[in-house]
Amino acid sequence: MGKIIAITNQKGGVGKTTTSINLAAGLARHGKKILLIDIDPQGNATTGIGANKDEIQESMYDVLIGQATLKSIIIPEVIESVDLAPATISLAGADVYLMEHSEENQNILLERIKPVRDNYDFILIDCPPSLGLINRNALACADSVLIPIQAEYYALEGLAQLLSSIRFVQKMFNKDLTIEGIVLTMFDSRTKLSFEVMSEVKKYFNEKVYKTHIPRNIKISESPSHGLSIFEYDKGGAGAVAYEELVKEVLANNGK
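Just so it is clear, the structure is predicted and the values come from calculations on it, not from any experiment.

Criteria and cut-off values
- Residues numbered from 1 in each chain as written.
- Predicted model: local features only at pLDDT ≥ 70, side-chain atom pairs only at ≥ 80, totals over all residues.
- Heavy atoms only, no water.
- Axes fitted to C-alpha atoms, helices over the stretch in contact; angles between N-to-C directions.
- Helix = DSSP H or I, 4+ residues; strand = E, 2+ residues; numbered from the N terminus.
- Parallel < 35°, antiparallel > 145°, perpendicular 65-115°, else oblique.
- Left-handed = near helix turned anticlockwise from the far one by under 90°.
- Contact = heavy atoms within 4.5 Å.
- Nonpolar A, V, L, I, M, F, W, Y, C, P; charged D, E, K, R; others polar.
- Salt bridge = Lys/Arg side-chain N within 4 Å of Asp/Glu carboxyl O.
- Buried < 20%, exposed > 50% of the residue type's maximum accessible area, 1.4 Å probe, protein only.

> I'd love a proper account of the packing of helix α7 (residues 133-141) against helix α8 (residues 159-172), names of residues and values included.
Look at α7 against α8: their axes get within 9 Å of each other, and the N-to-C directions meet at 55°. When the axis of α7 is compared with that of α8, the two are oblique. At the point where α7 passes α8, the crossing takes the right-handed sense. Between α7 and α8, the contacting residues are Arg136, Leu139 and Ala140 on the first element and Ser165, Ile166, Phe168 and Val169 on the second. Of the residues assigned to the contact of α7 with α8, the class counts are five nonpolar, one polar and one charged.

> Before we move on, could you go through the pattern of salt bridges and cite the residues and values that matter?
As enumerated under the stated definition, the model contains 13 salt bridges in all. Taking the shortest distance from any N to any O, the salt bridge between lysine 33 and glutamate 77 comes out at 3.0 Å. Of the two residues, lysine 33 is situated in the loop between α1 (16-29) and β2 (34-38) and glutamate 77 in strand β3 (residues 75-79); the sequence distance between them amounts to 44 residues. Taking the relative accessible area as the measure of exposure, lysine 33 reaches 23% and is therefore partly exposed. By relative accessible area, glutamate 77 is classed as partly exposed at 43%. For lysine 192, the salt bridge identified is with glutamate 196, shortest N-O distance 3.8 Å. With a gap of four residues between them, lysine 192 and glutamate 196 both fall in helix α9 (residues 192-205), about one helical turn apart.

Structure below.
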């Protein structure tokens, strides 16, 4: 049964989607079969991993409203051993649908994933930068939450809201939800600020903070615009090395 990890932070621009793509690609490099689910209406994980939005007939919107199965929309092997459940802008309407179906809306995503779950080692969900019903569905179905935090001044802004949302989901829908880990992104080892942010994050999360920091690196920023993971775009570069170390930590924490 594949472990479901929701990758989320309602604060935008923290490297959430980049981490989703590179974690998927990195785990695949270690022989794991991965499903990357894009539930962000911006669809950045979809294009960032190389899918062509113009060729997508059905997306996660159709899955959430019950017009398609998850299996039917999956794009196989967007990169080796990584399948993609894509998103398009139509997903922006899913919150309205979920609101209208409030009695059952908290577990729709879990029900959609169940038929394919055994096909994968890890299922990674790239969440929208919000705390809406789409995000809540992701938390309700996930085994754990991975939170990217940017190593900058406002890093902890809004984090209390996210943690409150996680606690709400734990109480109401998913008592087994845990925090997979906290990864510091855009880390600049030349600045005092990055280390101050790291210190603050460790005060809150202690051993949940990964030892690996993702550096501020132009190649990491460029790779999604080319539809490539950092391992394909800049093999051997600082970004690829960092994400490889993060992947090893994730695998070690999961006993794999």
